[in-house]
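# Secondary and tertiary structure notes
As a plain string of letters, each chain reads:
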Amino acid sequence: MQNQAIDLPPLTASVKSEINVSNEPIITDDSISKVFWRYAIPSIAAMVVNGLYQVIDGIFVGHYVGFEGLAGINMTMPIIGVIIGLGLMVGMGGGSLMSIYRGQEKAHKSYQVLVNSLWLIIILAALSTYLISTLSDPLLNLQGATGNTLSYSRDYLSVFVWGAGFAIAAAVIPMLIRNDNSPNFATGLMIFGALVNIALDYILIGIHSMGLQGAAIATIASQSLVFCIGIAYFFSAKAQTKLTLAGLSLKLDVAIKIISLGASSLFMFMYFSLVIALHNKLLMAYGSSVSVGAFAIIGYIATLYYVTAEGIANGMQPPVSFYFGAKQTEKIKATVILALKVVLYLGIGIVLILNIFPDLFIHLFSNADAELAAETQTGLRLHLFALYLDGFLFIATVYFMSVNQGAKALSISIGNIAVQLPFLYFLPQWLGIDGVWLSLPISNVLLTIIVVPMLWRDMQKMCKSIV
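One structure accompanies this document, and this report is about it. Everything numeric in this text was worked out from a predicted model, so none of it was measured.

Within the largest apolar cluster, 140 residues are counted, with the highest numbers of intra-cluster contacts made by Tyr156, Phe160, Met316, Ile332, Val336, Ile395 and Tyr399. For this core, the element with the highest residue contribution is helix 9 (residues 289-325), accounting for 20 residues. Residues in contact with Phe160, not counting those within four places in the same chain, are Ile80, Ile83, Ile132, Ala167, Ala216, Thr219 and Ile220.

On to the side chain of Asp458, then. Structurally, Asp458 is set in helix 15 (residues 433-465). The exposure class assigned to Asp458 is buried, which follows from its relative accessible area of 6%. With residues up to four places along the chain from it excluded, the contact list for Asp458 reads Tyr399, Phe400, Gln405 and Lys408.

What follows covers the pattern of salt bridges. Enumeration according to the criterion identifies 2 salt bridges in this entry. Between Arg154 and Asp137 there is a salt bridge whose closest N-O contact spans 3.2 Å. In this pair, Arg154 is assigned in helix 5 (residues 147-179) and Asp137 in helix 4 (residues 110-142), connecting sequence segments 17 residues apart. Using a relative accessible area of 31% as the deciding quantity, one classes Asp137 as partly exposed.

Two elements in contact, helix 8 (residues 252-286) and helix 9, have axes separated by 9 Å at closest approach and are oriented at 160°. As judged from the angle between their axes, helix 8 and helix 9 are roughly antiparallel. Here helix 8 runs over helix 9; the crossing is right-handed. Along its contact with helix 8, which presents Phe269, Ile276, His279, Asn280, Leu283 and Met284, the element helix 9 presents Ser289, Ser291, Val292, Phe295 and Glu310. In terms of residue class, the contact of helix 8 with helix 9 is made up of 6 nonpolar, 4 polar and 1 charged.

Criteria and cut-off values
Residues numbered from 1 in each chain as written. Predicted model: local features only at pLDDT ≥ 70, side-chain atom pairs only at ≥ 80, totals over all residues. Heavy atoms only, no water. Core = buried A, V, L, I, M, F, W, Y, C linked by side-chain atoms within 4.5 Å. Buried < 20%, exposed > 50% of the residue type's maximum accessible area, 1.4 Å probe, protein only. Helix = DSSP H or I, 4+ residues; strand = E, 2+ residues; numbered from the N terminus. Contact = heavy atoms within 4.5 Å. Salt bridge = Lys/Arg side-chain N within 4 Å of Asp/Glu carboxyl O. Axes fitted to C-alpha atoms, helices over the stretch in contact; angles between N-to-C directions. Parallel < 35°, antiparallel > 145°, perpendicular 65-115°, else oblique. Left-handed = near helix turned anticlockwise from the far one by under 90°. Nonpolar A, V, L, I, M, F, W, Y, C, P; charged D, E, K, R; others polar.

Shape is all these values report; function is a separate question.
Here it is, written out as structure tokens:
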């Protein structure tokens, strides 16, 4: 495979003179592992902190509202997941392009990527507001939400009608900052947002008993602060790609390149959204709102691994994109193998711990409902036995995105959906509620069997063809 440069519209001389962009390379001559961890550790921290927005909401809701509140917030996750996916699409697509251009020593083009990423935030914010306001009730009804569960879901989404743009921006901005060679600042920004979210959750849910509406306000308020501080960064002396009043126009072809490269992130979250919605529907059909509450707890517990694995994958992206632009293929292979080892060993360890000490994790979210605890323990054992394979699929998806093969990255995300649907249809009919719990891990096993040779062949081919 030949390294194809991505052509962006040239900047005019007058605009170039007003744009302050550093050509400093983002990768040094340090060892591969040192470079990897330099980006992976801040990325992991940022993703874990980002995941804590949802997990912290779940902890407060579980203790102060109960299983119906957990079920209610889980009914909104298919919708919220799409919003997060839109943000990650822009963040991963834009961030990957910024790193690729630095590797090709064309750092001035990163300015156009940055500007058009900001335009996409505005456009997608308006689209999200419209979709939530028109589709939220039909989507909740399709999942079987009724009674208090439906009421709690509406409370949560009523805030996201006006706050969706901040949720998208809070996913995009830290990724752009990270790819501007400031991973530590990006991490600190995410940690600050999470701490604000914790404080507001306690005030609004614990003290003022505002329930799910309070949880949503806490999330949006903290994400708006992340956005404002992140924008200020790009006007500061710390930024290598500085925003100015020059060259702020929307360029459709640049925006399309960002979307096409990051589309697999959106489809990954659309996959998660569809999976959650189908599980909610089936758990209501074969179980009850207690089962959906248990699924919510399992989702929060799994999120602790998902965000860590995504952090490793996203941290792998800047160096791999740089090595790709610089045609350093052996370093690409070594970095990917290192990332795979980390996510697989971590995932296997977490599965073992969850099976040995399930109550330790369940009591984080509820300690007063024996039926909920029993249902959650069953779900943990069946639903998460192949958790580590999700980490492998994250790495494979981000690898293809990082080497400018958005179509292959997208095919994995779409394949995730396509493979799982037959299992969700047939297994519950054969095994009842256990079939609902088993659908995801079994489909992951099948998809992994397909993706492993696909990933290996591509890396071998790249090492031979890029010279």
